[in-house]
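# Topology and contacts: notes
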Amino acid sequence: MARTQGSHSDITGPRIRAVARALFARHGYAAVSMRQIAGEVGVQAGALYNYTPDKQSLLAELMREHMDDLLAARAEVNSQHQEPVEALAGFVHFHIGFHVARPDEVFIAYMELRSLEPENFAAIEALRRAYEDELEGILRRGAAAGVFELEDAKITTLAVIAMLTGVNTWYRRGGRLSLEEVEEIYWGMVKRAVGA
């Protein structure tokens, strides 16, 4: 099948991912067809297979890309050398800011985990665990130093991440509170949750 006139691989590949991301976030993975993605991109359906083997691979690639971006951005912050309270504050602000800027990616990363085949699920889960492990490490360091009171570091980690990610469901720029104000309010809630 010939490539659509005006189509270029360095443009079409990223466009396919952007369109798939938007459609998966808007309609859900199961409701979106490769034909629909192709139509939005402006290529014939068969041309998509020059860029991805199938829809499942495309979903996994989008999730992996999001997690890789998250981990790379977080790696720029070396919280190992910070005091636990300072490291936790940085994590709270980072998590909210990073995720609010990427609503479609976050929606897909959380809501479409159920759509991943086992092998892809395991790969994405490993990346998620790497991110969770950093927060758990901060919490354990704080507990060991006597600045946090935790019943269970793993459960606290999961609860904090769920709470912080929840900002994406309701926060809108231009609303009553600025993002910075929201981050400070959430930081206060997290501090109280860990007894800091």
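Read on for a plain summary of the structure.

As a packed pair, helix 3 (residues 55-75) and helix 4 (residues 84-100) sit with axes 11 Å apart at the nearest point and diverge in direction by 145°. Between helix 3 and helix 4 lies a crossing whose hand is right-handed. Each of His66, Asp69, Leu70, Ala73 and Arg74 in helix 3 lies in contact with helix 4, whose residues at this interface are Ala87, Gly90, Phe91, Phe94, Phe98 and His99.

Time to look at the pattern of salt bridges. What the rule picks out here adds up to 10 salt bridges. The partner of Glu65 in a salt bridge is Arg17, and the shortest N-O contact between them spans 3.6 Å. Of this pair, Glu65 sits in helix 3 while Arg17 sits in helix 1 (residues 9-27), placing them 48 residues apart in sequence. Classification of Glu65 by relative accessible area gives partly exposed; the value is 28%. Residues Glu136 and Arg140 are paired through a salt bridge, measuring 2.7 Å at the closest nitrogen-oxygen approach. Remark: Arg140 and Glu136 occur in helix 6 (residues 118-144); sequence separation between them is 4 residues, near one turn of the helix. When salt bridges that share partners are traced, they join Arg17, Arg21, Glu61, Glu65 and Glu105 into one network.

It is worth spelling out a nonpolar patch on the surface at this point. Side chains of Phe107, Tyr110 and Met111 sit close together on the surface and give an oily, nonpolar patch of about 260 Å² of accessible area. In this structure, Phe107 sits in helix 5 (residues 103-111). A relative accessible area of 36% means that Phe107 is categorised as partly exposed.

This next bit is on the packing of aromatic side chains. Evaluation of the coordinates by the stated rule reveals 5 aromatic pairs. Look at Trp170 and Tyr171: their rings are 6.1 Å apart centre to centre, the planes differ by 80°, and that puts the pair in the edge-to-face class. The interplanar angle of 25° and the centroid separation of 6.5 Å between the aromatic rings of Trp170 and Tyr186 together place this pair among those described as stacked. Note that Trp170 is positioned in helix 8 (residues 167-170) and Tyr186 in helix 9 (residues 179-193), a separation of 16 residues in sequence. A relative accessible area of 42% places Trp170 in the partly exposed class. Taken together, the ring pairs in this structure connect Trp170, Tyr171 and Tyr186 into an aromatic cluster. If you follow Arg74 out to its NZ or CZ, it ends over the ring of Phe94, 5.1 Å from the centre. One Lys or Arg, Arg128, reaches over the ring of Tyr110 and ends 4.6 Å from the middle of that ring.

So, how was this worked out
- Residues numbered from 1 in each chain as written.
- Predicted model: local features only at pLDDT ≥ 70, side-chain atom pairs only at ≥ 80, totals over all residues.
- Heavy atoms only, no water.
- Axes fitted to C-alpha atoms, helices over the stretch in contact; angles between N-to-C directions.
- Helix = DSSP H or I, 4+ residues; strand = E, 2+ residues; numbered from the N terminus.
- Left-handed = near helix turned anticlockwise from the far one by under 90°.
- Contact = heavy atoms within 4.5 Å.
- Salt bridge = Lys/Arg side-chain N within 4 Å of Asp/Glu carboxyl O.
- Buried < 20%, exposed > 50% of the residue type's maximum accessible area, 1.4 Å probe, protein only.
- Patch = residues over 30% accessible without salt bridge, like charges linked within 9 Å, V, L, I, M, F, W, Y side chains within 5 Å.
- Areas by Shrake-Rupley, 256 points an atom, 1.4 Å probe, with all protein chains shown as cover.
- Phe/Tyr/Trp six-rings, centres within 6.5 Å; stacked < 30°, edge-to-face > 60°.
- Lys NZ or Arg CZ within 6 Å of the ring centre and 35° of its normal.

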